[in-house]
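Descriptive structure summary
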Amino acid sequence: MKPHLIVVDLDGTLLTDKKNISTKTAKTLLDAKEQGHHVMIATGRPYRSSELYYNQLDLKTPIVNFNGAFVHRPGDYNWKSIHETLELSVVKDVMEAMKEYPWNNIVAEVMDDVYMHYHDEKLIDVFNTGKPKITTGEIQSLLQDNPTSLLIQADEANVDEICKHLSHVHAEVVGHRIWKSPWGHVIEVFRHGLSKAVGLAHVAKYMDIPRDRIIAFGDENNDLEMIDYAGVGVAMGNGIDELKSIANEVTLSNNEDGIAILLQERLNLK
């Protein structure tokens, strides 16, 4: 069998609800690697909070972080990385516009520097993995560099109005997506045209693997483009309905070794 590229999202996909990789799924991915296949991670997380799992699977492949804004090969400084940021002027325009809308907090990340508009201990715990430098205060004043991402935390009732503004006023320079988190509804604002699929395409070209030999797993809104791009796009059983509707296959949930079950069948793994 020709080598396949296996692409896994982290939260809700590779990771169980306890935020670990099950023994069965880890073994199956290692078996796939031994058979000559490649395994890579594509996540919305920064590298500092995905490094643990990258190392656990003993990966050497490139990784897609920040939903495609940062694509790199850890430890290989000769590899041509991609880092697509939001223009600082655009961020300040968005922040100025947010004065007209109700929101709870805004977080900007400049790689491993985190800027949080309001001090929030729960949020600090969420972003503290990998021990980044966390600064709280007025983001417009504090930010000096183009951020990798901007996260707007808002009550569900206010999300639509904020998204309408982003779509009508800033659509040519930013994209946005909505996701739920333990700390509320989040509107992620990113540079226009970015997605996990863009990062995956870059890696697949480098590895010389065609789309029909890419198997990608995901569960959420930020996986839509990747699942659509892959030759075999797989939605987890716990995934959102929209993702399941475009996926080639639906497997069991992240707590039921959905990745392992499908790969064992598809790649004839034991």
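Below or above, wherever it landed, is the structure these notes cover.

What counts, and where the lines are drawn
- Residues numbered from 1 in each chain as written.
- Predicted model: local features only at pLDDT ≥ 70, side-chain atom pairs only at ≥ 80, totals over all residues.
- Heavy atoms only, no water.
- Helix = DSSP H or I, 4+ residues; strand = E, 2+ residues; numbered from the N terminus.
- Expected span 1.5 Å × (residues − 1).
- Buried < 20%, exposed > 50% of the residue type's maximum accessible area, 1.4 Å probe, protein only.
- Arc of directions from axis to C-beta.
- Contact = heavy atoms within 4.5 Å.
- Polar contact = N/O pair within 3.5 Å; in protein donor to acceptor, adjacent residues only side chain to side chain.
- Pairing = 2+ DSSP bridges.
- Salt bridge = Lys/Arg side-chain N within 4 Å of Asp/Glu carboxyl O.

Between the first and last C-alpha of helix α8 (residues 196–207) there are 16 Å, a value that for twelve residues agrees with the 16 Å anticipated at 1.5 Å per step. Those residues of α8 that fall on the buried side of the exposure criterion are K196, A197, G199, L200, V203, A204 and M207. What you see down the axis of α8 is that its buried residues fit within an arc of 155°, all on one side. In this fold, the buried residues of α8 make contact with β1 (5–8), β2 (38–41), β3 (63–65), β4 (70–72), β12 (214–218) and α9 (224–229). The backbone nitrogen of A197 has a side-chain oxygen 3.2 Å away, supplied by the residue at the start of α8, namely S195.

The next point concerns the sheet that holds β3. Ordered in space as β3-β4-β5, the three strands form an open sheet in which the pairing is antiparallel. Among the strands making up the open sheet, the edge pair consists of β3 and β5 (82–83). Pairing of β3 with β4, which is carried by three bridges, proceeds in the antiparallel orientation. When the sheet's bridge partners are listed, V64 is paired in β4 with V71.

This next bit is on the pattern of salt bridges. For side chains bearing opposite charge, pairing can occur when the charged atoms are close. Inspection of every chain in the model, using the stated rule, returns 14 salt bridges. A salt bridge links D11 to R45, with the nearest nitrogen and oxygen atoms 2.7 Å apart. Of this pair, D11 sits in helix α1 (residues 10–14) while R45 is found in the loop between β2 and α3 (51–56), placing the two residues 34 residues apart along the sequence. Owing to a relative accessible area of 18%, R45 belongs among the buried residues under this scheme. Among the salt bridges present, the one from K99 reaches E96, with a minimum N-O distance of 3.2 Å. The network of salt bridges with common partners includes D9, K196 and D223.

The set of residues buried in helix α4 (residues 88–97) consists of L88, V90, V91, V94, M95 and A97. Its buried side turned inward, α4 meets β6 (105–110), α6 (139–142), β9 (149–154), α7 (156–169) and β10 (174–181).

Moving on to the pairing of strand β11 (residues 184–191). Across the eight residues of β11, six count as buried, placing the element largely inside the fold. Of the strand pairs in this sheet, β9 and β11 are connected by five bridges, and their pairing is antiparallel. Bridged to A154 within β11 is H185. Relative to β11, β10 is paired through eight bridges, and the arrangement is antiparallel. Bridge pairing in β11 places K180 opposite H185. Adjacent in sequence and paired antiparallel, β10 and β11 are bridged by two residues.

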